[in-house]
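In case you want the letters, here they are:
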Amino acid sequence: MRITGISTHVVGTPWRNLTYVQVHTDEGVTGVGETRMLGHTDALIGYLREAEANHILGSDPFAVEDLVRRMKYGDYGRAGEIVMSGIAVIEMACWDIKGKALGVPVWQLLGGKVTDKVKAYANGWYTTERTPEAYHKAAQGVMERGYKALKIDPFGTGHFELDHEQSLYAVSLIEAVRDAIGPDAELMLEMHGRFSPATAVRLAKELAPFKPAWLEEPCPPENLKALEKVAAKVDIPVATGERIHDRIEFRELFESQAVDIIQPDVGHIGGIWETRKLAATAETHYVLVAPHNVGGSVLTAASLQVGFTSPNFKILEHFNDFADAEIKKVVKGAPQVNPEDGCFHLSDAPGLGVEFDADAAAEFPQQQARFDLWAEGWEQRKPKGSQ
């Protein structure tokens, strides 16, 4: 079996463009991969056009390791976000082809399952007025959908510092959310790399009574010493890693012992097998894995293949029941959160277990998507001019 070509499809919304890539073969088996780029969608498609000619055409889709190695190192330049994302969409499509051709799910090819279900946490649910009352109601809605966990960034446009009044308001939002979801649901606290270490530590202590499940990206990710400073002063588990695009770059993070949960994005770090390798390394450092997942149903399905096969997999992020829920229809067989237990359940469908619908995708053309975490009202995910 050989790859005969690829086709790209961009599914657009005002705040995110999702890139789907189909990989076609001479035996009629087609696989699909997905990633979500922030402001780099056209750059990704441009890279894939070159990579198709240089590396992908004529390749054996079963030889995933070889194709990834050639795409990553064959151009000599150091692979960054765009290249690793391009590798990811091709890589997961190849796993999809392999599973379909053999009639088995991808998780079976990765060593088999270690669990029958993966817990989900909701994001994108607080696209409402930024008040305790509105957040309380929205959080109740998440629980009514069956979720047992959710995540929130309550800090507005905070950057490095957060004054006393804004801090009190953030606390009031978290208090309202915790009241809505009860004592047993997990509440993930997102900081989006906003703060100086001192501010992050102060806020973590002020929010500790509400039992956050983790503290995510408390300070900008470029400075590991700053993260170590935070980790040494808080009792909440620290999570980070969504903006690291090569598993090798996690080495210093593991050595620092500054992180309890890593959050690789399967769509940015080279795909399913690269993430599974990273999870195995994390396991040797007693670190849990909870992938960043702001994509659609294909990326969710790909992330779940890692989840079902990794003993140290904690939980998976899920946007698509709340933000842009209508885009789920571009994929047949989209993974669904079971309302009884708030988990994704194992599927025996071959490959990734999903089918991309290009006709449905055409209803969501690419947009000038914009997501600015420093803009007032960013949490509503409705950029100016999108109404």
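As recorded in an unreviewed UniProt entry, the protein chain goes by Mandelate racemase/muconate lactonizing enzyme family protein and comes from Streptomyces osmaniensis.

S.K.: Explain the overall build of the protein chain residue by residue, including any values.
M.R.: Regarding its fold elements, the protein chain presents 12 helices and 14 strands. For the protein chain, whose C-alpha radius of gyration is 20 Å, the value lies close to the compact-globule estimate of 21 Å for 387 residues. Its C-alpha atoms give the protein chain principal-axis dimensions of roughly 60 × 45 × 40 Å. When contacts within the protein chain are restricted to residue pairs at least 6 apart in sequence, long-range pairs at least 24 apart make up 73% of them.

S.K.: Before we move on, can you summarise unusual backbone geometry with the specific residues and values?
M.R.: Notably, Tyr76 is not glycine yet its phi reads approximately 70°, a positive angle. Here Tyr76 lies in the loop between α2 (64-73) and α3 (81-102). Residue classification places Tyr76 among the exposed positions, given a relative accessible area of 79%. One non-glycine residue, His192, adopts positive backbone phi at about 55°. Inspection of the secondary structure assignment puts His192 in the loop between β6 (186-190) and α7 (197-207).

S.K.: Can you break down the layout of surface pockets residue by residue, with the values?
M.R.: By volume, the largest pocket amounts to about 590 Å³. Along its surface, the largest pocket is lined by 29 residues, and Leu38, His192, Glu242, Arg243 and Leu373 are the ones closest to its centre. Its residues assigned to classes, the lining of the largest pocket comprises nine nonpolar, eight polar and 12 charged. A domain-level breakdown of the lining of the largest pocket finds at least three residues from each of domain 1 (3-104) and domain 2 (108-352). Estimated volume of the second largest pocket: approximately 320 Å³. Along its surface, the second largest pocket is lined by 16 residues, and Pro221, Glu222, Leu224, Ile244 and Glu249 are the ones closest to its centre. Listed by contribution, the elements that provide at least two residues to the lining of the second largest pocket are α8 (224-231) and α9 (251-256). When its residues are assigned to classes, the lining of the second largest pocket shows seven nonpolar, four polar and five charged.

S.K.: Tell me about the nonpolar core, residues and numbers included.
M.R.: Counting residues in hydrophobic clusters, the biggest one holds 117 residues, and the most contacted among them are Ile90, Trp125, Leu150, Ile262 and Ile272. It is α3 that provides the largest number of residues to this core, a total of 10 residues. Two domains each provide a minimum of three residues to this core, namely domain 1 (3-104) and domain 2 (108-352). Those residues in contact with Leu150 that sit more than four places away from it in its chain are Tyr121, Ala122, Trp125, Ala139, Val142, Met143, Val177, Ile181, Glu186, Leu187 and Met188. Counting nine residues, the second-largest nonpolar core is a separate cluster that includes Tyr121, Trp214, Ala239 and Ile315.

S.K.: An account of α2 is needed here, citing residue identities and associated values.
M.R.: Taken together, the buried positions of α2 are occupied by Val64, Leu67, Val68, Met71 and Lys72. An end-on view of α2 places all buried positions within 125° of arc, on one side of the element. Those residues of α2 that are buried are in contact with β1 (3-12), α1 (41-56), α3 and α10 (272-284).

S.K.: Outline the pairing of β6, listing residues and values.
M.R.: Where burial is concerned, most of β6 is hidden: five out of the five residues are buried. Here β6 shows a buried face lined by Glu186, Met188 and Glu190 and a second buried face lined by Leu187 and Leu189. Sheet analysis places strand β5 (residues 149-152) next to β6, joined by four bridges and oriented parallel. Across the sheet, Ile152 pairs through a bridge with Leu189, a residue of β6. Regarding topology, helix α6 (residues 164-181) serves as the crossover connection from β5 to the parallel β6, and that connection is right-handed.

S.K.: How would you explain the packing of aromatic side chains if you had to name every residue and give the values?
M.R.: Centre-to-centre distance and the angle between the planes together describe a pair of aromatic rings. Inspection of the entire model under this criterion finds 13 aromatic pairs. Ring centres of Tyr126 and Tyr135 lie 5.8 Å apart, and the angle between their planes is 65°; this geometry places the pair in the edge-to-face category. Taking the relative accessible area as the measure of exposure, Tyr135 reaches 0% and is therefore buried. For the ring pair Phe155 and Phe195, a centre distance of 5.2 Å and an interplane angle of 90° mean the geometry is edge-to-face. Taken together, the positions of Phe155 in the loop between β5 and α6 and Phe195 in the loop between β6 and α7 put the pair 40 residues apart, joining distant regions of the chain. The structure contains a cluster of three or more aromatic residues connected by ring pairs, namely Trp15, Trp125, Tyr126, Tyr135, Phe319, Phe371 and Trp378. Positioned over the ring face of Phe322 is Arg145, at 5.4 Å from the centre of the ring. Against the face of Trp15 rests Arg381, its NZ or CZ located 4.9 Å from the ring centre.

Conventions used here
- Residues numbered from 1 in each chain as written.
- Predicted model: local features only at pLDDT ≥ 70, side-chain atom pairs only at ≥ 80, totals over all residues.
- Heavy atoms only, no water.
- Helix = DSSP H or I, 4+ residues; strand = E, 2+ residues; numbered from the N terminus.
- Rg over C-alpha atoms; globule rule 2.2 N^0.38 Å.
- Contact = heavy atoms within 4.5 Å.
- Buried < 20%, exposed > 50% of the residue type's maximum accessible area, 1.4 Å probe, protein only.
- 1 Å grid on protein atoms, 1.4 Å probe; cavity = no way out; pocket = protein on both sides within 12 Å on 5 of 7 lines; lining within 4 Å.
- Points joined across faces, edges and corners; volume = space filled by probe spheres on them.
- Nonpolar A, V, L, I, M, F, W, Y, C, P; charged D, E, K, R; others polar.
- Domains from an automatic or database assignment.
- Core = buried A, V, L, I, M, F, W, Y, C linked by side-chain atoms within 4.5 Å.
- Arc of directions from axis to C-beta.
- Pairing = 2+ DSSP bridges.
- Right-handed = clockwise from strand over helix to strand, strands pointing away.
- Phe/Tyr/Trp six-rings, centres within 6.5 Å; stacked < 30°, edge-to-face > 60°.
- Lys NZ or Arg CZ within 6 Å of the ring centre and 35° of its normal.

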